[in-house]
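# Understanding the architecture of this molecule
One-letter residues, chain by chain:
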Amino acid sequence: MGLLNNIFGSRPGVTQLPSGSITVNRAGQILSSTVSSAYPADLLHAVGKEVLALLREARTAQMPLAEVSIHFASLRITARELRGGAIIFLFPQTALSPISN
Amino acid sequence: MENQHKILVLDDDADWLELSREMLTQLPSKPEIRTATSGKRALAMLDGEPFRLLICDLKMPRIDGLQVLAIVRRRFPELRTVVLSALEDEDFRSRAYALGVDMFWLKTEMQGNLQMYLECLESLLGRDQDGGFRGIQSKSLMDIIQMECLTRSSSVLRITRGSLVARLWIQGGELTDAEAEGARGEAAFRRILTWKSGTFENLPAEPNRKRTIVKPVNALLLESAQAIDESGGGPEASDQTVQIHRRTVWKLSLLTRTGAEFVVAVPPEGQGVHEAMGTQAQTAEQYATWTRRATEIIKRMGDLVDAGPLLHLDGNNSERQLLLIPRENKNFLVGWSPEASEGLLEKTKKLVASWDS
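A brief report on the enclosed structure follows. In this text, all values refer to a predicted model and were calculated from it rather than measured experimentally. (Residues numbered from 1 in each chain as written. Chains lettered and ligands numbered in written order. Predicted model: local features only at pLDDT ≥ 70, side-chain atom pairs only at ≥ 80, totals over all residues.)

## Focus on helix 2 (residues 41–60) of chain A
Residues and elements named next belong to chain A. Counted at 1.5 Å a residue, the expected span for helix 2 with its 20 residues is 28 Å, and the 29 Å between its end C-alpha atoms agrees. Among the residues of helix 2, Leu44, Val47, Gly48, Glu50, Val51, Leu52, Leu54, Leu55 and Ala58 are the ones counted as buried. Backbone geometry just downstream of helix 2 places Gln62 in the positive-phi region, at approximately 65°. (Helix = DSSP H or I, 4+ residues; strand = E, 2+ residues; numbered from the N terminus. Expected span 1.5 Å × (residues − 1). Buried ≥ 20, exposed ≤ 12 C-beta atoms within 10 Å, placed from the backbone.)

## Quick word on unusual backbone geometry
A positive phi angle, near 65°, is found at Gln62 of chain A, a position not held by glycine. Checked against the element boundaries, Gln62 of chain A lands in the loop between helix 2 and strand 3 (67–72). Judged by local crowding, Gln62 of chain A falls into the exposed class, with 11 C-beta atoms found within 10 Å. The backbone phi angle of Asp306 of chain B is positive, close to 55°, even though this residue is not glycine.

## Let's talk about the nonpolar core
Among the nonpolar cores identified, the biggest contains 69 residues, and Val51, Leu55 and Ile88 of chain A together with Ile192, Val263 and Val264 of chain B are the most heavily contacted of them. In terms of residue count, helix 11 (residues 281–305) of chain B provides more of this core than any other element does, nine residues in total. Two domains each provide a minimum of three residues to this core, namely domain 2 (141–228) and domain 3 (259–355) of chain B. Look past the residues within four positions of Val264 of chain B in its chain and what remains in contact with it is His274, Ala276, Thr279, Ala284, Tyr287, Ala288, Thr291 and Leu333 of chain B. Leu24, Ala42, Leu58 and Val82 of chain B belong to the second-largest nonpolar core, a separate cluster that totals 28 residues. (Core = buried A, V, L, I, M, F, W, Y, C linked by C-beta atoms within 7 Å. Domains from an automatic or database assignment. Contact = placed C-beta atoms within 7 Å.)

## Some points on the sheet that holds strand 3 of chain A
The strands making up a sheet associate through hydrogen bonds between their backbones, and the pairing can be parallel or antiparallel. Pairing is antiparallel in the open sheet, where ten strands are placed in the order 2(A)-1(A)-5(A)-4(A)-3(A)-14(B)-15(B)-16(B)-12(B)-13(B). Looking at strand neighbours, the two that pair on one side only are strand 2 (30–33) of chain A together with strand 13 (275–277) of chain B, the edges of this open sheet. Strand-to-strand twist in this sheet, taken as the mean axis angle between neighbours without regard to direction, amounts to 15°. (Pairing = 2+ DSSP bridges. Axes fitted to C-alpha atoms, helices over the stretch in contact; angles between N-to-C directions.)

## Focus: the environment of Pro28 of chain B
Within the secondary structure, Pro28 of chain B is located in the loop between helix 1 (14–24) and strand 2 (32–36). Sequence spacing of Pro28 of chain B and Glu119 of chain B is 91 residues, and the spatial spacing of their C-alpha atoms is 9.0 Å.

Set out below in structure tokens:
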């Protein structure tokens, strides 16, 4: 048992895409999360910080955004601004996902 | 020396006039410098012989500089005017610009930046054949009207071209009425847009003025631009000018047809300047900066979670909806009104695809 793991290691080659939602405060700390605990917390934290930076830059450019959706090839990130913080939804995109507009 | 320009310097301080004369002799075009110590004397000199440029002080006994400028603007619309004053008051600066002066310099600033001051004067002297409107030399009347409407301002724009006077009534960013050469409404507006030079000033708004124009200003501008385009842009227009004009008309028509509020096309950092349509220059600059920063942030985020390349970004607030579409050599930020209907992504993709076609 575990022979292959001993040979190739147990780390998966591809990280699973995060699915669920997180709430971050204005400092970027995660206050609540429904994303699987198997997903690396530091990556989630980094995503939260980048989303806050995106919203902050929009405010600096005099076009504050209430909501923003970033459509990647395999993931959609939707964020709603919450008094300096944000609630962030992460939706992995699969072949069966509805086409977003 | 028929091409030698004449400059008239008006100031009640004789010592300053002498100093000015010495400074102005350094101008490369070697203009003839004349001086006057009172507004009355200056007006008499302007009546008697043609001058290219008037450099005017503001604080003077009897007729002050603003009064002189108001008279000059009416009687000598082709004369370039520069205010050179010691009055460090923003109110005077805005009043002078409202009168259509080409430049406003503080004496203290001028002494510290003499070279720049002289370059500015030389540039004004060299603008014999240029079109454009006083105070906003490089802008066409279309640009000026667009700026007024984009800022959602309410004012009456009075445009003077020689003996011709026209007025445009703008209320809350909408063009409501126009009057020129005995015509009113859209016909007057089309006539005004054929003017290539002149002076303009902002007068207080007249909210009770009866509305005669109901078409959106962008549609009217587009129609007029197409009419000018079809007429060949005038005999003096060079091929390059015609090309630029056609491209602008095409993009403006694209914007109007699709119903988008604005488009900002942003090349990567260091690979050229952004191009914007439908928004003011300063706002466009801010949007372009955000587009660059947002693209960097999104790329970092995509790399972090292995999410693949960015397809697009959409965002909204109570005032507008935004779409950021990445392309190989440019990123496009397109603004839509909050009421814009579904299918926005497809419309935006089509607009972006046709932008440089």
